[in-house]
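Each chain, letter by letter, is given below.
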Amino acid sequence: MSENNVKDIVSKLTLEEKASLASGKSFWYTQEIDRLGVPSVMMTDGPHGVRKVDETKVNNVMQISCKATCFPPAVTVASSWNLDLAYQMGQAIAEEAKSLGVTTVLGPGVNIKRSPLCGRNFEYYSEDPLVAGEMGAAFVNGVQSKGVGTSLKHFFANNQEHLRLNISSEADERTIREIYLAPFEIVVKKAKPTTIMCAYNRVNGVYMHYNKKYLTDALRTQWGFEGMVMSDWGAVDERVKAIEAGLDLQMPASRLDNKLVEEAVKSGALDEEKLDITTERVVKFALDCQSKAEPGFKYDSEAHHNLGRKIAADSAVLLKNQDNILPVSKDLSDCIIVGALAKNSRFQGGGSSQINPTEVISFTDALDQRGIAYNYYPGYSLKKDGFNKKLLLAARDAAKTAKTVILFAGLTNAYESEGFDRSNLNLPHGHLNLINEIAMVNKNIIVVLVGGSPVKMPFISSVKAVLNLYLGGQAGGQAAADLLFGEVNPSGKLAETYPITLDDVFSSKYFPMGPKTVEYRENVFVGYRYFDSAKKAVLFPFGYGLSYTQFEYSNIKLSHKQIDEDAALTVSFDIKNVGNVAGGEVAQIYVKDVESTIFRPEKELKGFRKVYLEPGETKTVTVGLTDRAFAYYNVNISDWAVESGQFEILVGKSSRDIALSASVDFVSKRDVKHPDYRKSAPSYYKIASVLSIPDGDFEKLTGRKIDPNLPQQKGEFDRNSTLTDIKSTFVGRLVYTATGIFAKIISIRSENKDMIIKSIHEMPLRSVGMVMNPGVIKVLLKAVNGNKEKKS
């Protein structure tokens, strides 16, 4: 649809029609204008599969969705470091969306894993912005190559579930640009996503849905984004302000807010030209979606299932393989299978992304398909912490006489989900206890780890092997069999660091915080950027992963000895498979600034390539690095800059296993002042020795005083206060208790019970007003404020 045609349609819309397009028609559909041919189009969740609501079926909480392939979620796919597979997965999801009449899938999520405790980490790619951005761009390109739209989310600094609907992420501009915006920037520039979804949270006190600095200035002016910006569901507080800031579409439907938009234009509070701009984007989006729809489209379900199996196998990370105990023989007569997760797969995370799979094949199902006989013992239950003495003793007794134990353990939905964060890195007690008990009677234990985020492994020295499946999607059980029997050689690498303890994670001192703010005091020292800079021991480093073969790196070459802003650097090196079986290797290219005025991490990932090699085969890998690979974000000039000096190019098997290195001199053509905080914020220059960041150092970087992070009091409650906030009052406690009872009743049969209860209690009153008369909210606010006026 041409720009002129869109403008012509918008010019013929009445003010009421323009306002009606400012929000959705319903929960999943945009508003149509039949008289002018503007269609209503459907979007739905889709990070790792299509979750289209089956409108013929409704349960008591979350509407049941149509059958669709459940692919491995982002945490798993990222561990493949395989851009081609991410692209193919996007294509497959697009085909299923087309077959279901869905025009846009709501994904991918490229939020950074600031802490391993975030409950939604399974839905995000990495702690590193390059990995998150590149994998996200590949996925978006795959989806959109088939004529289906995407929604890049959650823009941005939405890095925890606790109070996610209204907490303010407090961070300095450099950290924002280098860590939290960077993956979004990569996807926007490399893939041009159809839409971007703004997050619920505030950034430095400003809600993202009306944060013009980032919705318009960064997204559109600086990055050239041309698509539509939509809200997360129920994220909008001030609709008129949001239009002025660049939010095009509010989801879901809000007739009240539409009326406010209409009245604002009539009163002169909102310039109708600004409404026209957002309306044009919504109209163009709907018309483009309609033009690419293919009614009656069919897809190959079996092929998609097999693709999911391939992705799961390519993404699994072999963490330990003592005495080459893996792979195992297909004759399992002297082996036992232990762990309820072997028979009852946990193949995806909990929450809004939950797919209704076309089929689910567990590990024991895969053995049955192959006709392999086996002895199985659940060892724990899948309720609460899993501990079941009877099941544990039966498994331990069987382990006494078994040659090998293949033991499945991991995190269940009760331990990680959208809506709440984890409180620790522990495995469920029943799982951990089972491993410990069996380790006392058998030394040949293979742990198959299932879950969406890092866990502590106090048992690591007591087991022979650990294979990390993460969450394998509906074909994860087949992938596990492929890997354990050696039909597929593990080639995944961790896209996040596995710490030894939670105390080792620097950001844990400032996570999740609340009730008003969360302070990103760690600055750019997130994940391996902190661990490697602080020289801190880890359980498994970023980029780590073993194979059934071995690889040798050699012959590094740089295209230049000296470069500047206009001369890109080409890095080449050889990788040889020196083992006896074919395998895949992920080569990682890090850049280290040898000496700088501004504090910088020890090294930063700036490129990667995954290659597959036959035994004895050698391949030359080539990676290009532009000036951006050497730059940091300079707040003095509000732009990226490179300080002249020497840089090391490090080629590694992980961030801690550097195989090759070379040096290049960068001579900058720009005359800029580089920030020097050695006196004003010295803790950031000695990150290896500091235990925390002083208030003054953090304030120096943010340029403002730290706001008091105190609970709201009477007279301070407003429509953005949560049910948890107001429970400090008598009336608030009554409402909180009543809604808690209501939440338990409606979620009694839901897998997402904990998420639903937590989400309702942390829901802002304005969101409650979406399903309740807004007048009731006004009365409630008056009651909890004790008839006091809210302080400005």
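The coordinates are above.
My aim in this report is to walk through the structure given alongside it, one point at a time. (Residues numbered from 1 in each chain as written. Predicted model: local features only at pLDDT ≥ 70, side-chain atom pairs only at ≥ 80, totals over all residues. Heavy atoms only, no water.)

Below, the discussion takes up the packing of aromatic side chains. This model, assessed by the stated rule, comprises 27 aromatic pairs. Each ring, one from tyrosine 207 and one from tyrosine 210, has its centre 6.1 Å from the other, and the planes form 65 degrees; the classification is edge-to-face. An identical accessibility class is assigned to tyrosine 207 and tyrosine 210; each is buried. Taken together, a centroid distance of 4.4 Å and an interplanar angle of 20 degrees make the contact between tyrosine 528 and phenylalanine 542 stacked. Placement of the pair is tyrosine 528 in helix H18 (residues 528–533) and phenylalanine 542 in the loop between H18 and strand E18 (551–558), with a sequence separation of 14 residues. Taking the relative accessible area as the measure of exposure, tyrosine 528 reaches 1% and is therefore buried. You can call phenylalanine 542 buried: its relative accessible area is 0%. Three or more aromatic residues link up through ring pairs in this structure, and these residues are Trp81, Tyr528, Phe542, Tyr590 and Phe608. Geometry around tyrosine 207 places arginine 202 over its ring, the cationic atom sitting 5.6 Å from the centre. (Phe/Tyr/Trp six-rings, centres within 6.5 Å; stacked < 30°, edge-to-face > 60°. Buried < 20%, exposed > 50% of the residue type's maximum accessible area, 1.4 Å probe, protein only. Helix = DSSP H or I, 4+ residues; strand = E, 2+ residues; numbered from the N terminus. Lys NZ or Arg CZ within 6 Å of the ring centre and 35° of its normal.)

What follows deals with the sheet that holds strand E22 (residues 604–613). In space, the five strands of this open sheet follow the order E19-E27-E26-E21-E22, with mixed pairing throughout. On the outer flanks of this sheet lie strand E19 (562–563) and E22, each paired with one strand and no other. Both strand E26 (residues 645–654) and strand E27 (residues 657–666) contribute to a ladder of nine bridges, which runs antiparallel. Following the sheet pairing, phenylalanine 647 is matched in E27 by valine 664. (Pairing = 2+ DSSP bridges.)

Attention now moves to the sheet that holds strand E11 (residues 335–338). Read across the sheet, six strands follow the order E10-E16-E15-E14-E11-E13 without closing on themselves; strand pairing throughout is mixed. For this open sheet the edge positions go to strand E10 (317–321) and strand E13 (375–377), each flanked by a neighbour on one side alone. The average undirected angle you get between the axes of adjacent strands in this sheet is 20 degrees. Where strand E15 (residues 445–450) and strand E16 (residues 465–470) come together, five bridges link them in parallel fashion. Bridge pairing in E16 links leucine 449 to asparagine 468. Across the sheet, helix H17 (residues 476–484) is in contact with strand E14 (404–410), E15 and E16; its angle to E16 comes to roughly 150 degrees. (Axes fitted to C-alpha atoms, helices over the stretch in contact; angles between N-to-C directions. Contact = heavy atoms within 4.5 Å.)

Turning our eyes to something else, we now look at the pattern of salt bridges. Tallied over the entire structure, the rule returns 56 salt bridges. A salt bridge links lysine 146 to glutamate 95, with the shortest nitrogen-to-oxygen separation between them at 3.3 Å. Of this pair, lysine 146 sits in the loop between helix H5 (129–144) and strand E4 (149–155) while glutamate 95 sits in helix H4 (residues 83–99), placing them 51 residues apart in sequence. Overall, lysine 146 belongs to the partly exposed group, its relative accessible area being 30%. (Salt bridge = Lys/Arg side-chain N within 4 Å of Asp/Glu carboxyl O.)

Once that is clear, we can look at the nonpolar core. Counting residues in hydrophobic clusters, the biggest one holds 134 residues, and the most contacted among them are Phe155, Phe156, Tyr214, Trp233 and Leu605. By residue number, the principal contributor to this core is H5, which donates nine residues. If near-sequence neighbours (up to four positions away) are discounted, phenylalanine 155 is found in contact with Leu181, Phe184, Ile196, Met197, Cys198, Ala199, Met208, Tyr214, Leu215, Leu219 and Trp223. Formed by 70 residues, the second largest nonpolar core is a distinct cluster that contains Val75, Tyr470, Ala480 and Ala481. (Core = buried A, V, L, I, M, F, W, Y, C linked by side-chain atoms within 4.5 Å.)

Residue placement: asparagine 413 occurs in the loop between E14 and helix H16 (429–439). Given the relative accessible area of 17%, asparagine 413 is considered buried. Side chain to side chain, asparagine 413 and arginine 346 meet in a polar contact 3.0 Å long. (Polar contact = N/O pair within 3.5 Å; in protein donor to acceptor, adjacent residues only side chain to side chain.)

By the secondary structure assignment, leucine 484 is in helix H17. Among all residues touching leucine 484, those that are not within four sequence positions of it are Leu326, Pro327, Val328, Phe363, Ile406, Ile446, Val448, Leu467 and Tyr548.

What follows is about the packing of helix H6 (residues 173–180) against helix H8 (residues 212–222). Where H6 contacts H8, the axes come no closer than 14 Å and their chain directions differ by 55 degrees. The angle between H6 and H8 places the two elements in the oblique class. Judged by the sense of rotation from one axis to the other, the crossing of H6 with H8 is right-handed. Residues Glu173, Ile176 and Arg177 of H6 lie in contact with H8, whose contacting residues are Lys213, Tyr214, Ala218 and Gln222. When the residues that make up the contact of H6 with H8 are grouped by side-chain class, the tally is three nonpolar, one polar and three charged. (Parallel < 35°, antiparallel > 145°, perpendicular 65-115°, else oblique. Left-handed = near helix turned anticlockwise from the far one by under 90°. Nonpolar A, V, L, I, M, F, W, Y, C, P; charged D, E, K, R; others polar.)

A disulfide bridge is the covalent bond that connects two cysteines by way of their sulfur atoms. The full count for this structure, using the stated rule, is zero disulfides. Between cysteine 118, a free cysteine, and cysteine 198, which holds the nearest cysteine sulfur, the sulfur-to-sulfur gap is 17 Å. Judged by its relative accessible area of 1%, cysteine 118 falls in the buried class. (Disulfide = S-S within 2.5 Å.)

Now for the environment of phenylalanine 599. Within the secondary structure, phenylalanine 599 is located in the loop between strand E21 (583–593) and E22. Overall, the relative accessible area of 3% leaves phenylalanine 599 in the buried class. When the C-alpha atoms of phenylalanine 599 and leucine 427 are compared, they prove to be 36 Å apart, with 172 residues separating the residues in sequence. In this structure, phenylalanine 599 is in contact with Arg174, Asn523, Val524, Phe525, Tyr677, Tyr684, Tyr685 and Leu701, ignoring residues within four places of it in sequence.

What follows covers helix H14 (residues 363–370). Every buried residue of H14 is accounted for by Phe363, Thr364, Ala366 and Leu367. Projection of H14 onto a plane perpendicular to its axis shows the buried side chains occupying an angular sector of 155 degrees, all on one side. Phi turns positive one or two residues past the end of H14, at glycine 371, with a value near 70 degrees. (Arc of directions from axis to C-beta.)

Structurally, aspartate 482 is set in helix H17. Under the relative-accessibility criterion, aspartate 482 is labelled buried at 6%. Polar side-chain contacts of aspartate 482 include one of 2.6 Å to the side chain of arginine 370. For aspartate 482, the residues in contact, after removing those within four places along its chain, are Arg309, Arg370, Glu487 and Val488.

Note that the residue after phenylalanine 511, namely proline 512, is joined by a cis bond; omega there is 0 degrees. Cis rather than trans, the peptide bond between glycine 514 and proline 515 has omega equal to 10 degrees. Positive phi, normally seen in glycine, also occurs at aspartate 323, with a value near 60 degrees. Considering the arrangement of structural elements, one finds aspartate 323 in the loop between E10 and E11. Classification of aspartate 323 by relative accessible area gives exposed; the value is 58%. One non-glycine residue with positive phi stands out, namely asparagine 523, at about 65 degrees. If you trace the backbone, asparagine 523 turns up in the loop between strand E17 (517–519) and H18.

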